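# Chain and residue survey
Below are the chains, spelled out letter by letter.
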Amino acid sequence: ASGTQVNPRLLSWAHPIDRIKAKIFFKASGIDDEAKADTQYVERLLALSQNFPHPNKLAILAFDWRRDKAGTIETSKTEIHTPSDYVMDLARRYPQNFIPAVSVHPYDPLALSKLEAVADAGARIVKWLPNAQGMDPSDPAIDPYYQLMAKRGMILLCHTGLESAVHSPEDQQLGNPLLLRRALNNGVTVIMAHAGNRGSSEDLDHPGQQARNFDLWLRMMDDPKYKSLLFSDISTVTQTIRPRSDLKILLERADLHPRLVNGSDYPLPAIPYFIVTWDLALKGFITQQERKALNEIKQSNPLLFDFVLKRALRHPDSGAKFPPQLFLANPALANAGQVLHNLAGSMGGR
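All figures in this text were calculated on a predicted structure; none of them were measured in a lab.

### Digging into the pattern of salt bridges
With the rule as written, the count across this model stands at 29 salt bridges. The salt bridge partner of Lys21 is Glu79, with a shortest N-O separation of 2.8 Å. One end of the pair, Lys21, is in helix α1 (residues 16-28); the other, Glu79, is in the loop between β2 (58-61) and β3 (80-81), and 58 residues separate them in sequence. When its relative accessible area of 6% is taken as the criterion, Glu79 is described as buried. Among the ionic contacts, a cluster of salt bridges with common partners joins Arg66, Glu74, Lys77, Glu170 and Asp171.

This is the structure in structure tokens:
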């Protein structure tokens, strides 16, 4: 009775690839009984968060339906749906553990009233995954939505780059980091998830040309116009299939560190081979001793593993590291009405 849903494809062996993917995510989330999936997911997330070395709140993410531009829900193209009300309720039940990140689709005919309602209830983070949900962050039609977010001091946590965890076959171009200029120009505080992630998008500053999403992300972060409004999380930056050159740049760009926030993209760190420590050790980002300790932590608590790994990372050449402040509440984000602790992406809503 939580209101959460998954696409029937994920629950049927008539669609073996989707079913296997679902099984992988369920296992990583500590779910062994799909009839109790919601309860088991939350219980495991609570248990994992309890073992952090300091009081720690996790941002848990809602995930709205995919909609077309007319605002019609596209049920068959929606892979998962986690209602904002459910996430808000969990945050009320576990206020010491969770910060709610709601998800209100801007093409919803009732988007503005829904956004007002969740803001009145205390929500300060709005989660979008444009590639999967079908919203275009650069669409002029959603300016009133952005203006309301800015007025209410809300933060937009928006996926950037290629999306492969949630079914997104049609709209990968919506993960282009440059599309978020419109939100920023309307005064919205934005956290670009995954630091641009993988893949390429059209370089809108040079039409017809393609550029790596990470390079477009860097261009956005380097734009002085957006210095006070634009942030990024570092979830997925250690994943095995991401270029290690990106990680080197992130570690050495100390000027960007005050605008980076920790993120896990949980439960992905709990999936085998998503993050391979031997490769990080081989390439000098961690020591062999750290690798062994991290592997032990991963067996017990993959969420803590992700956190400790990023604390341990160092540039193979210069030794540069992420500063401790990156893993604490970011005072700059307090201006948006919510002092954030470590963002922990939840596949229950992501």
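We are not done yet, so read on.
### Observations concerning unusual backbone geometry
Residue Pro267 is bonded to the preceding Tyr266 through a cis peptide linkage, with omega at 10°. The phi torsion at Asn197 lies on the positive side, around 55°, for a residue other than glycine. With respect to the helices and strands, the residue Asn197 is situated in the loop between β7 (189-193) and β8 (200-202). The phi torsion at Thr236 lies on the positive side, around 75°, for a residue other than glycine. Mapped onto the fold, Thr236 is located in the loop between β10 (230-233) and α9 (244-252).

### What about the sheet that holds β2?
One open sheet accounts for seven strands, arranged β2-β4-β5-β6-β7-β10-β11; its pairing is parallel. Both outer strands of the open sheet, β2 and β11 (260-261), are each paired with one neighbouring strand and no more. Two elements, β2 and strand β4 (residues 98-102), share four bridges in a ladder whose sense is parallel. Across the sheet, the residue bridging to Ile60 is Pro100, located in β4. Sheet strands in contact with helix α3 (residues 84-93) are β2 and β4, and its direction is about 165° off that of β4. Strands β5 (125-128) and β6 (155-159) of the sheet are contacted by helix α6 (residues 143-152), whose axis makes an angle of about 150° with β5.

### Here we look at the pairing of β7
Counting buried residues along β7, five of its five residues qualify, which places the element largely inside the surrounding structure. Burial of the side chains of β7 extends over both faces: Thr189, Ile191 and Ala193 are buried on one face and Val190 and Met192 on the other. Of the pairings in the sheet, the one linking β6 to β7 comprises five bridges and is parallel in character. Note on β7: the bridge partner recorded for Leu157 is Ile191.

### Thoughts on the side chain of Asn97
Counting through the fold element by element, Asn97 comes out in the loop between α3 and β4. Judged by relative accessible area, Asn97 falls into the buried class, the value being 12%. Here Asn97 is in contact with Leu46, Ser49, Gln50, Asn56, Lys57 and Leu58, once residues within four sequence places are set aside.

### Side note on α6
Where α6 is concerned, the buried positions are Asp143, Tyr145, Tyr146, Leu148 and Met149. Of the surrounding secondary structure, the elements contacted by the buried residues of α6 are α4 (111-120), β5, β6 and α7 (181-185).

### Digging into the packing of helix α11 (residues 288-300) against helix α12 (residues 302-312)
One can describe the packing of α11 onto α12 by two numbers: an axis separation of 6 Å at closest approach and a directional angle of 155°. Classified by the angle their axes make, α11 and α12 are roughly antiparallel. In this structure, α11 contributes Glu290, Leu294, Ile297, Lys298 and Ser300 to the contact, and α12 contributes Pro302, Leu304, Phe305, Val308, Leu309 and Ala312. Class assignment of the residues belonging to the contact of α11 with α12 gives a composition of eight nonpolar, one polar and two charged.

### A short note on helix α2 (residues 37-50)
An ideal rise of 1.5 Å per residue puts 20 Å on 14 residues; α2 measures up with 20 Å between its terminal C-alpha atoms. For α2, the complete set of buried residues consists of Ala37, Gln40, Tyr41, Val42, Leu45, Leu46, Leu48 and Ser49. If you follow the buried residues of α2, they end up packed against β2, α3, β4, α11 and α12.

### What to know about the nonpolar core
Generally speaking, nonpolar side chains in soluble globular proteins are found buried as a group. Of all hydrophobic cores here, the largest spans 93 residues; its most connected members are Tyr145, Leu156 and Trp217. Excluding anything up to four places from it in sequence, Trp217 contacts Pro177, Met192, Ala195, Gly196, Ser232, Leu250, Leu256 and Leu260. Ranked by size, the runner-up nonpolar core spans 12 residues in total, among them Ala101, Ile125, Ile155 and Phe231.

### A look at the side chain of Thr160
As for its position among the elements, Thr160 is in the loop between β6 and α7. Under the relative-accessibility criterion, Thr160 is labelled buried at 0%. One polar contact links the side chain of Thr160 to the main-chain amide nitrogen of Gly196, over a distance of 3.1 Å. Filtering out sequence-adjacent residues up to four positions away, Thr160 remains in contact with Gly175, Pro177, Leu180, Met192, Ala193, His194, Ala195, Gly196 and Asn197.

### A word on the packing of aromatic side chains
Inspection of the entire model under this criterion finds seven aromatic pairs. Aromatic pair Tyr41 and Tyr266: ring centres 5.9 Å apart, planes at 70°, arrangement edge-to-face. Taken together, the positions of Tyr41 in helix α2 and Tyr266 in the loop between β11 and α10 (277-282) put the pair 225 residues apart, joining distant regions of the chain. Across this residue pair, the class does not change: Tyr41 and Tyr266 are buried. Residues Trp128 and Tyr145 carry aromatic rings whose centres are separated by 5.5 Å and whose planes lie at 45° to one another, so their mutual orientation is tilted. With Trp128 in strand β5 and Tyr145 in helix α6, the pair connects residues that are 17 residues apart, well separated along the chain. Residue classification places Trp128 among the buried positions, given a relative accessible area of 0%.

Analysis parameters
- Residues numbered from 1 in each chain as written.
- Predicted model: local features only at pLDDT ≥ 70, side-chain atom pairs only at ≥ 80, totals over all residues.
- Heavy atoms only, no water.
- Salt bridge = Lys/Arg side-chain N within 4 Å of Asp/Glu carboxyl O.
- Helix = DSSP H or I, 4+ residues; strand = E, 2+ residues; numbered from the N terminus.
- Buried < 20%, exposed > 50% of the residue type's maximum accessible area, 1.4 Å probe, protein only.
- Pairing = 2+ DSSP bridges.
- Contact = heavy atoms within 4.5 Å.
- Axes fitted to C-alpha atoms, helices over the stretch in contact; angles between N-to-C directions.
- Parallel < 35°, antiparallel > 145°, perpendicular 65-115°, else oblique.
- Nonpolar A, V, L, I, M, F, W, Y, C, P; charged D, E, K, R; others polar.
- Expected span 1.5 Å × (residues − 1).
- Core = buried A, V, L, I, M, F, W, Y, C linked by side-chain atoms within 4.5 Å.
- Polar contact = N/O pair within 3.5 Å; in protein donor to acceptor, adjacent residues only side chain to side chain.
- Phe/Tyr/Trp six-rings, centres within 6.5 Å; stacked < 30°, edge-to-face > 60°.

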